[in-house]
Amino acid sequence: MDSYYMNDLDIPWRRAVVSVDQFSRADIDEIFGLAARLSVGRTMPLTGKSLVNLFYEPSTRTSSSFYAAMTRLGGSVIPINEVNYSSVTKGESLEDTIRTLECYADALVLRHYDEDATERAVSVASVPLINAGNGAGEHPTQALLDLYTISKERGHIDGLTITLMGDLKHGRTVHSLVKLLRMYDVKLNFVSPQELSLPSSYLMSGDSEYLDLDPVIEDTDILYVTRVQRERLADTMVIDFSYAVTRDDMDRAKENLVLMHPLPRVGEIPPELDSDPRAAYFRQMKYGLHVRMALLVSMIGRD
Amino acid sequence: MDSYYMNDLDIPWRRAVVSVDQFSRADIDEIFGLAARLSVGRTMPLTGKSLVNLFYEPSTRTSSSFYAAMTRLGGSVIPINEVNYSSVTKGESLEDTIRTLECYADALVLRHYDEDATERAVSVASVPLINAGNGAGEHPTQALLDLYTISKERGHIDGLTITLMGDLKHGRTVHSLVKLLRMYDVKLNFVSPQELSLPSSYLMSGDSEYLDLDPVIEDTDILYVTRVQRERLADTMVIDFSYAVTRDDMDRAKENLVLMHPLPRVGEIPPELDSDPRAAYFRQMKYGLHVRMALLVSMIGRD
Amino acid sequence: MDSYYMNDLDIPWRRAVVSVDQFSRADIDEIFGLAARLSVGRTMPLTGKSLVNLFYEPSTRTSSSFYAAMTRLGGSVIPINEVNYSSVTKGESLEDTIRTLECYADALVLRHYDEDATERAVSVASVPLINAGNGAGEHPTQALLDLYTISKERGHIDGLTITLMGDLKHGRTVHSLVKLLRMYDVKLNFVSPQELSLPSSYLMSGDSEYLDLDPVIEDTDILYVTRVQRERLADTMVIDFSYAVTRDDMDRAKENLVLMHPLPRVGEIPPELDSDPRAAYFRQMKYGLHVRMALLVSMIGRD
């Protein structure tokens, strides 16, 4: 039939990007190669195709990135950003919304606040679907673009020392990136306050945990900083917000350090570091565009 | 001059689609023929043209359908979904808004909560305009797509027994569809609670009214189910909400029954019937896209 | 580097349109010539290019105009109209938002409620940027389209008598237009109540001020009427709202008068004057589209 049976991760990523667990190293090589080719030249392979951007939660950054990716490829985007005002308020189920909107589209991008929304959507969708964030679940295209950034900035991934710093407990971005990095031969350092440390299920032997950047800054190839999501902290929790990168850190760091951040930032990296050529977080946005272009072409480019 | 004088229905539908009363059977044949041709192939006859989607009331389904129709034809859409935040709040009249926005567009789609809004807009518009719902008034493109669905699913309209069930009192969708069906040789059955029965002005001799689906399910070719719009019922009114189609109904129905619903649904058709090939309500969405493509091409396709 | 240093008006307008002060008569001739050429024919020189429409304040009219301008040229637009719901609420700075969104765009249009927002945005932007209104500051494309309207309606600007009437104190539109007109050989009349008169810094010798239209209506070539922005008046201020154009005024005016208004209007020009061929305010909207097309092509058309 036209719909999927959701058998954990037994879905080809070309039909639905749900989780980073769907990708092998060979898949990633293929996507990254295509992303690099699409970033130059101006072919428009998706002319006449349309994408529905279905966002139950606002996310200017992610929705704009998919919007730009689709239109640069010649396609059009139907933006549905205010689902609260839509027919959903008339009591329609997510499944019915998906089956209705897919009539107008060659693919769907879905962001939803419920963790099970992706699975429910994929179970009925007959066009390719991309998970753009499902609550506390995954945000696989973010993890792919983070990995692509590392690959583009350094030329390779194997052999690198990668330090992740900030709120490692809540950020789905970090969790998905760690999963992807497990496919490579990398050394991982985790820097966070005790209360925001990486859940133990993500830890492996060989990893190192620290309360401060100081011991690892000099050996780090990639420094990935995340926002402390204050809105998720209990009111009574007092966090030492000193998890910001300083000029002094940069002075001690490698000359070819890559400083990354998924943005938005709220103080973890002060603006005076933006002019440092090692600051890669805005280039990271651009790489994200290219990765999403590659996914869209892979998923809907073939008639 | 460039503006219309609104002489009841003396407006050619190619200049403004206001009401189903504007269409003859020959018009409908032409539109449906074009819709069928546009549904295959990927010509883009509206490249370089633009449409303003002006929605004073939210309607994801309808606005997305026009958005998709226009972009599939190569055109672009200027979506104006939040008129409450727009210059209207500065006291601008609807007429001025129409005359301003038409400067940017080759056609306008208008949904408004006031029944007289379409007439006022048409009186000043110098580009083609489509009524996408005017309060308790009409929603002519919905009625056309319903009729097109019947035509495509069964190959013809004449000779069919068509049963409409649910809230027949309030739904403008039902009223407009009934008007269109009067041009064909069909048998109409109406199934509703007494309190929600079809207004007598829409009834004709030969029609039959029922309180229950039971007596007519076996003879029905097309079963058109509508949502009970609870928000329009008085608080004190207790409705027997048993107006849902059941598996047992489907077992008794014809093998080539066509089960339709304008969506969204809130229980009138349980999801377990979705896999029945006679369930046509999602195909109905797709047919709607094709009908709207045909209208747009007819109205703005010729330079 | 890729970013601008904001040295007052030492920015070429092709890189950032910030203020009317950036334009010479030769620049204006060039833009108007291009606008006229783009208004006929249907070339699509911006195919494959994209524009981010970043509106911190709602403005249907202006955002739609840029949207239409970009799409008519073959490009696409990423509309970001609800910045309040976006990542900005997560504490992101305007500068970071600009640097993020420019990754997805070939140009940015920015409307912001803060007067210093344009300067801050330009200081970090590496793609062309157009100021679409910065608080009480400027709205340079509106002034350009007003001037273009005069030029198109009369064929020339030098030698005309131009009367500006209404709230001359608050409207940035008037202030910017006056600045542009100073480059031409024109006679300027200002008509307003005392409380809403033009700030003296904009006045020059040769200008005339009046409390009423009566003494100047017969000699006026261009009558530019603006809205009294009641929301900016103190509650205690009682204004004589008789600053409306009447049929009698039109009878006394020149046969080739050009009656302009930036819209929306709220009574300054009664709708019964709309059918007078001298009423140019809706044509003004169309001219605005052409001017914005010319700016976009000039700023991003060359690879």
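Analysis parameters
Along each chain, residue indices are assigned from 1 in the same order as the chain's sequence is written. All chains are assigned letters beginning with A, and all ligands numbers beginning with 1, in the order in which they are written. For a predicted model such as this one, the threshold for reporting local features is a pLDDT of at least 70, and the threshold for listing and counting side-chain atom pairs is 80 or more; totals across whole chains, interfaces and linings nevertheless cover every residue. Hydrogens and waters are ignored; side-chain quantities use all the structure's heavy atoms. Pairing between strands is defined by DSSP: at least two bridges between the two strands are required. Secondary structure follows DSSP: runs of H or I at least 4 residues long count as helices, runs of E at least 2 residues long count as strands, and numbering of each begins at the N terminus. Only the stretch in contact is used when fitting a helix axis, every axis being a line fitted to C-alpha atoms; angles between N-to-C directions are given from 0 to 180 degrees. Residue contacts follow a heavy-atom distance rule, with two residues in contact if any of their heavy atoms lie within 4.5 Å. A residue's pLDDT is the predictor's confidence in that residue, given on a scale from 0 to 100. A 1.4 Å probe defines the accessible area here, and the buried area is the portion of it lost by two parts on being joined, summed over both. Basic side-chain nitrogens of Lys or Arg form a salt bridge, by our definition, when they fall within 4 Å of a carboxyl oxygen of Asp or Glu. In protein, a polar contact requires one atom able to donate a hydrogen and another able to accept it; more generally it is a pair of N or O atoms within 3.5 Å, and residues adjacent in sequence count only if both atoms are side-chain atoms. All residues other than Ala, Val, Leu, Ile, Met, Phe, Trp, Tyr, Cys, Pro, Asp, Glu, Lys and Arg, Gly among them, are scored as polar; the first ten of these are nonpolar and the last four charged. All copies are superposed by least squares; the fitting set is the C-alpha atoms of residues with a pLDDT of at least 70 in both. Each residue's exposure class comes from its accessible area (1.4 Å probe, protein chains only) as a fraction of the maximum for that residue type: buried when under 20%, exposed when over 50%, partly exposed otherwise. Clockwise travel from the first strand over the helix to the second, with the strands pointing away from the viewer, marks a crossover as right-handed. Each domain's extent was defined by an automatic or database domain assignment. The criterion for an aromatic pair is that two Phe, Tyr or Trp rings (for Trp, the six-membered ring) have centres within 6.5 Å, with stacked assigned to planes under 30 degrees apart, edge-to-face to planes over 60 apart and tilted to the rest. Placement of a positive charge over a ring is assigned whenever Lys NZ or Arg CZ falls within 6 Å of the ring centre and within 35 degrees of the normal to the ring plane.

Draft legend 1. Main features of the sheet that holds strand β7 (residues 187-191) of chain A. Residue and element names in this part refer to chain A. If you walk across this open sheet you meet the five strands as β8-β7-β6-β9-β10, and the pairing is parallel. Of all strands in the sheet, those bounded by a partner on one side alone are β8 (208-210) and β10 (258-260). Neighbour to neighbour, the strand axes of the sheet diverge by 15° on average, direction disregarded. As judged from the five bridges shared by strand β6 (residues 161-165) and β7, these two strands associate in the parallel manner. By the bridge assignment for β7, Thr163 is matched with Asn189. Against the sheet, helix α5 (residues 140-154) contacts β6, β9 (222-225) and β10, and its axis sits at roughly 160° relative to β10.

Draft legend 2. Broad picture of the confidence of the model for chain A. Residue and element names in this part refer to chain A. Of the residues in chain A, 89% have a pLDDT of 70 or more, and the chain-wide mean is 90. The model gives residues 1-7 a pLDDT under 50, and that stretch makes 17 contacts with residues more than four places away or in other chains. Listed scores for the predicted complex are pTM 0.92 and ipTM 0.90.

Draft legend 3. View of the interface of chain A and chain B. Listed per partner, the contact involves 26 residues of chain A and 23 residues of chain B. A combined buried area of about 2,100 Å² lies between chain A and chain B, and 53% of that area is made up of carbon and sulfur atoms. Linking chain A to chain B there are four salt bridges. A:Asp106 is the salt-bridge partner of B:Arg72, the closest N and O atoms lying 3.8 Å from each other. On inspection of chain A and its partner chain B, the count reaches six residue pairs in polar contact (both at pLDDT 80 or more). For the side of chain A that touches chain B, the secondary structure elements donating two or more residues are β3 (76-80) and α3 (94-101) of chain A. Broken down by element, the residue count for the side of chain A that touches chain B peaks at five residues, all from β3(A). Within the side of chain A that touches chain B, the residues separate by chemical class into 10 nonpolar, eight polar and eight charged.

Draft legend 4. Region of interest: the relation of the copies chain A and chain B. Of the transformation placing chain A onto chain B, the axial shift is 0.0 Å and the rotation is 120°, giving an RMSD of 0.0 Å. Viewed as a symmetry operation, the transformation between the two copies matches a three-fold axis. By C-alpha distance to the rotation axis, the residue of chain A lying nearest is A:Ser76, at 4.9 Å. A low fraction, 12%, of the interface residues of chain A reappear at the interface in chain B, so the copies pair through non-equivalent surfaces.

Draft legend 5. Structural detail: the pairing of β3(A). All names here are of chain A. Of all the five residues making up β3, four are buried; the element is thus mostly covered by neighbouring parts of the structure. Here strand β2 (residues 50-55) pairs with β3 via five bridges, running parallel. From the neighbouring strand, Val52 faces β3, where its bridge partner is Ile78. Following the backbone out of β2, through helix α2 (residues 60-72) and into the adjacent parallel β3, one traces a crossover that is right-handed.

Draft legend 6. How the structure looks around the pattern of salt bridges. In total, this model carries 54 salt bridges over all chains according to the counting rule given. Across the pair A:Asp276 and A:Arg247 runs a salt bridge, and its minimum N-O distance is 3.8 Å. Here the residue A:Asp276 occupies a position in the loop between β10 and α8 (281-300), and A:Arg247 occupies one in helix α7 (residues 247-252), the gap between them amounting to 29 residues. Using a relative accessible area of 9% as the deciding quantity, one classes A:Asp276 as buried. Taking the shortest distance from any N to any O, the salt bridge between B:Asp214 and B:Arg252 comes out at 2.7 Å. Of the two residues, B:Asp214 sits in the loop between β8 (208-210) and β9 (222-225) while B:Arg252 sits in helix α7 (residues 247-252), which places them 38 residues apart along the sequence. Its relative accessible area of 42% is what places B:Asp214 among the partly exposed residues. Salt bridges linked by common partners bring A:Asp96, A:Arg99, B:Arg265 and B:Asp274 together as one network.

Draft legend 7. Looking closely at the interface of chain A and chain C. Each side of the interface is counted separately: chain A has 23 residues, and chain C has 26 residues. Counting each side, the surface lost to burial between chain A and chain C is near 2,200 Å², with a carbon and sulfur contribution of 53%. Contact with chain C buries area across many residues of chain A, yet A:Thr60, A:Tyr67 and A:Phe282 alone supply 24% of it, more than any other trio. Applying the counting criterion to the chain A and chain C interface returns four salt bridges. Between A:Asp274 and C:Arg99 there is a salt bridge, with the nearest N and O atoms lying 3.9 Å from each other. Elements that contribute at least two residues to the side of chain A that touches chain C include exactly α2 and α8 of chain A. When residues of the side of chain A that touches chain C are assigned to their parent elements, the largest contribution, eight residues, is made by α2(A).

Draft legend 8. Up close: the domain arrangement of chain A. Residues and elements named next belong to chain A. Domain annotation of chain A identifies domain 1 (3-139 + 288-300) and domain 2 (140-285). Counting residues at the interface gives 30 residues for domain 1 and 22 residues for domain 2. For domain 1, the biggest contributors to the area lost against domain 2 are Arg25, Phe32 and His139; these three give 30% of the whole. Close ionic contact of Asp158 with Arg25 constitutes a salt bridge, the shortest N to O distance being 2.9 Å.

Draft legend 9. Summary view of the packing of aromatic side chains. All names here are of chain A. Counted by the stated rule, this structure contains 15 aromatic pairs over all chains. Note on Trp13 and Phe23: the rings are 5.5 Å apart at their centroids and 35° apart in plane angle, and the pair reads as tilted. Taken together, the residues Trp13 in the segment before β1 (16-17) and Phe23 in the loop between β1 and α1 (25-39) connect sequence positions 10 residues apart. Three or more aromatic residues link up through ring pairs in this structure, and these residues are Phe32, Tyr148 and Tyr287. In this arrangement the basic side chain of Arg292 is found over the ring face of Phe66, its NZ or CZ atom lying 4.9 Å from the centre.

Draft legend 10. Structural detail: unusual backbone geometry. All names here are of chain A. In this structure, Pro264 follows Leu263 across a cis peptide bond, with omega equal to 0°. Within the secondary structure, Pro264 sits in the loop between β10 and α8. The backbone of Leu263 sits at a positive phi, close to 60°, despite the residue not being glycine.

Draft legend 11. Structural context of the relation of the copies chain A and chain C. Note on the copies: chain A fits chain C at an RMSD of 0.0 Å, the axial shift is 0.0 Å, and the rotation between them is 120°. Here only 13% of the contact residues of chain A are again contact residues in chain C; the copies associate through non-equivalent surfaces.

Draft legend 12. A look at the sheet that holds strand β6 (residues 161-165) of chain B. All names here are of chain B. The strand order across the open sheet formed by five strands is β8-β7-β6-β9-β10, and the pairing between neighbours is parallel. What marks the edges here is a single partner per strand, and that holds for β8 and β10 (258-260). Each strand of the sheet is rotated relative to its neighbour by a mean of 20°, with strand direction disregarded. Bridge analysis of strand β7 (residues 187-191) against β8 gives three bridges, and the strand direction is parallel. When the sheet's bridge partners are listed, Val191 is paired in β8 with Tyr210.

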